[in-house]
Amino acid sequence: MSPTLPTLTDARLSLGGRVATLTLDRHDVRNALTGTALVDDILAVADWVNACDAVSVLVITGAGSAFSAGGNVKDMASRGGDFEGSVAEVADRYRRGIQRLPLALEGVEVPIIAAVNGPAIGAGFDLANMADLRIASRKARFGETFLNLGIIPGDGGAWFLQRLIGYQRAFELTLTGRVIDAEQARDYGIVLEVTEPEALMERAQELAGQIAAQPPRATRLTKRLMKRADRMALPDFLDLCASFQGMCHNEPEHLEAVHAMLETMARK
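Cut-offs and rules
Residues numbered from 1 in each chain as written. Predicted model: local features only at pLDDT ≥ 70, side-chain atom pairs only at ≥ 80, totals over all residues. Heavy atoms only, no water. Pairing = 2+ DSSP bridges. Helix = DSSP H or I, 4+ residues; strand = E, 2+ residues; numbered from the N terminus. Buried < 20%, exposed > 50% of the residue type's maximum accessible area, 1.4 Å probe, protein only. Disulfide = S-S within 2.5 Å. Expected span 1.5 Å × (residues − 1). Contact = heavy atoms within 4.5 Å. Salt bridge = Lys/Arg side-chain N within 4 Å of Asp/Glu carboxyl O. Axes fitted to C-alpha atoms, helices over the stretch in contact; angles between N-to-C directions. Parallel < 35°, antiparallel > 145°, perpendicular 65-115°, else oblique. Nonpolar A, V, L, I, M, F, W, Y, C, P; charged D, E, K, R; others polar. Phe/Tyr/Trp six-rings, centres within 6.5 Å; stacked < 30°, edge-to-face > 60°. Arc of directions from axis to C-beta.

Enquirer: Quick rundown of the sheet that holds strand β7 (residues 141-143)? Include the residues and the values.
Expert: Think of a sheet as strands paired side by side through backbone hydrogen bonds, with each pair either parallel or antiparallel. Across the sheet, three strands lie side by side as β5-β7-β8; this open sheet has mixed pairing. With partners counted over all chains shown, the strands left at the sheet margins are β5 (120-121) and β8 (179-181), one partner each. As defined by bridge partners, β7 adjoins β8 across three bridges and the pair is classed as antiparallel. Looking across to β8, one finds that Arg141 is bridged to Asp181.

Following this line, the structure appears as structure tokens:
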């Protein structure tokens, strides 16, 4: 029986071959994360993925010309929506709103691939950086542009970007607010690959399929290890590896994979 997909408001979700594909579908506002239901939709998908054994990879992309324009600048100009109220009210709205996004995506148990189809600006750039892998169309643009609007990366973007490309480069991009193209993003290590626009989703699905073909429980445990590697002392990390490895050796998928490899070796 196929798993039941969550009901979404401003995004579309599909599942095939253990790969879930989430498409941000508010192209009328360039997939802005504020003033839409996109944050709630992404959170719903994150919870669903963690609870669904039929999913091994999550691909996130955008409909229309943009991946995500980040915050709704018109709401900022009018001090409306998420940006209305006193200091305490705005801060509380951030905590209860967009700041749930990095916490949820950091906790997603399967690999996340961002297929960046167009501009990823501000919080949209940060959303892409919350993924494990990024593939970009040549039409993609990237910018940590918060200072250009007199605000800071309130969604945690400074935490993700410097872990991705180092403090100095992240500092320069954040403090200048300049926008870079897909080729520069690849040179900086933000993007893994750059494709022609029409080949983006095919390549993202190909990479997702390669990962999804791996034993699913071991894949989830390996991602958990990767996420913890830079936050733990080596002795503690090795203890965690030993525990996870004990789990893997007792999973049926381990023996299935070993027997498949032995059969392949026997044919050579």
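On we go from here.
Enquirer: Residue-level account of the pairing of strand β6 (residues 133-137), with values.
Expert: Extensive coverage of β6 is indicated by the burial of four of its five residues. Here strand β4 (residues 112-116) runs beside β6; their pairing, made up of four bridges, is parallel. Paired with Val116 across the two strands is Ala136, which belongs to β6.

Enquirer: I'd love a proper account of the state of the cysteines, names of residues and values included.
Expert: Summed over the entire model, instances satisfying the criterion amount to zero disulfides. Counting only cysteine sulfurs, Cys248 is the nearest neighbor of Cys241, a cysteine outside any disulfide, at a range of 10 Å. On the basis of relative accessibility, which here comes to 22%, the residue Cys241 falls in the partly exposed class.

Enquirer: Can you tell me about helix α9 (residues 200-212), naming the residues and giving the values?
Expert: Over its 13 residues, α9 extends 18 Å from the first C-alpha to the last, a length consistent with the 18 Å expected when each residue adds 1.5 Å. Taken together, the buried positions of α9 are occupied by Leu200, Arg203, Ala204, Leu207, Ala208, Ile211 and Ala212. Contact partners of the buried residues in α9: β2 (19-24), β3 (57-62), β4, β6, β9 (193-195) and α10 (216-228).

Enquirer: Which residues make up the pattern of salt bridges, and what are the values?
Expert: This model, assessed by the stated rule, comprises 20 salt bridges. Arg231 is paired through a salt bridge with Glu106; the nearest N and O atoms lie 2.3 Å apart. Linking Arg231 in the loop between α10 and α11 (234-249) with Glu106 in helix α4 (residues 100-106), this pair joins segments that are 125 residues apart in sequence. Taking relative accessible area as the criterion, Arg231 reaches 48% and is therefore assigned partly exposed. The shortest N-O distance in the salt bridge between Arg231 and Asp230 comes to 3.7 Å. Members of the salt-bridge network, linked through shared partners, are Glu106, Asp132, Lys223, Lys227, Asp230 and Arg231.

Enquirer: Outline the packing of α10 against α11, listing residues and values.
Expert: Axis angle and axis distance: for two packed helices, these are the angle between their axes and the distance between the axes, and together they describe the pair. One way to put it is that α10 packs onto α11 with a least axis distance of 11 Å and a crossing angle of 175°. One finds that α10 runs roughly antiparallel with respect to α11. On α11, the residues that touch Ala218, Leu221, Arg224, Leu225 and Arg228 of α10 are Phe237, Leu240, Cys241, Phe244, Met247 and Cys248. Here the contact of α10 with α11 is composed, by residue class, of nine nonpolar, no polar and two charged.

Enquirer: Residue-level account of the packing of aromatic side chains, with values.
Expert: Tallied over the full model, the rule gives three aromatic pairs. An angle of 75° between the planes, with centres 5.0 Å apart, marks the rings of Trp159 and Phe160 as edge-to-face. By relative accessible area, which is 34% here, Trp159 ends up partly exposed. Look at Tyr167 and Phe171: their rings are 5.5 Å apart centre to centre, the planes differ by 35°, and that puts the pair in the tilted class. Taken together, the residues span about one helical turn, with Tyr167 and Phe171 both in helix α7 (residues 167-176) at a distance of four residues. Take Phe171: its relative accessible area is 42%, and that puts it in the partly exposed class.

Enquirer: Tell me about the sheet that holds β2, and name the residues and values.
Expert: An order of β1-β2-β3-β4-β6-β9 is seen for the six strands of this open sheet, with the pairing classed as mixed. The outermost strands of the open sheet, each flanked by one partner alone, are β1 (11-16) and β9. Taking each pair of neighbouring strands and ignoring which way they run, the sheet shows an average axis angle of 20°. With six bridges connecting them, β1 and β2 associate as antiparallel partners. Within β2, the position partnered with Leu15 by the bridge is Ala20.

Enquirer: Summarise α11; cite the residues concerned and give the values.
Expert: When the terminal C-alpha atoms of α11 are compared, their 22 Å separation across 16 residues agrees well with the 22 Å that a helix rising 1.5 Å per residue should span. Of all the residues in α11, the buried ones are Phe237, Leu240, Phe244 and Cys248. Projected down its long axis, α11 shows its buried positions confined to an angular sector of 85°, all on one face. Of the exposed residues in α11, those oriented more than 90 degrees away from the buried face are Pro235, Asp239 and Ala242. Where α11 is buried, its residues contact α10 and α12 (252-267).

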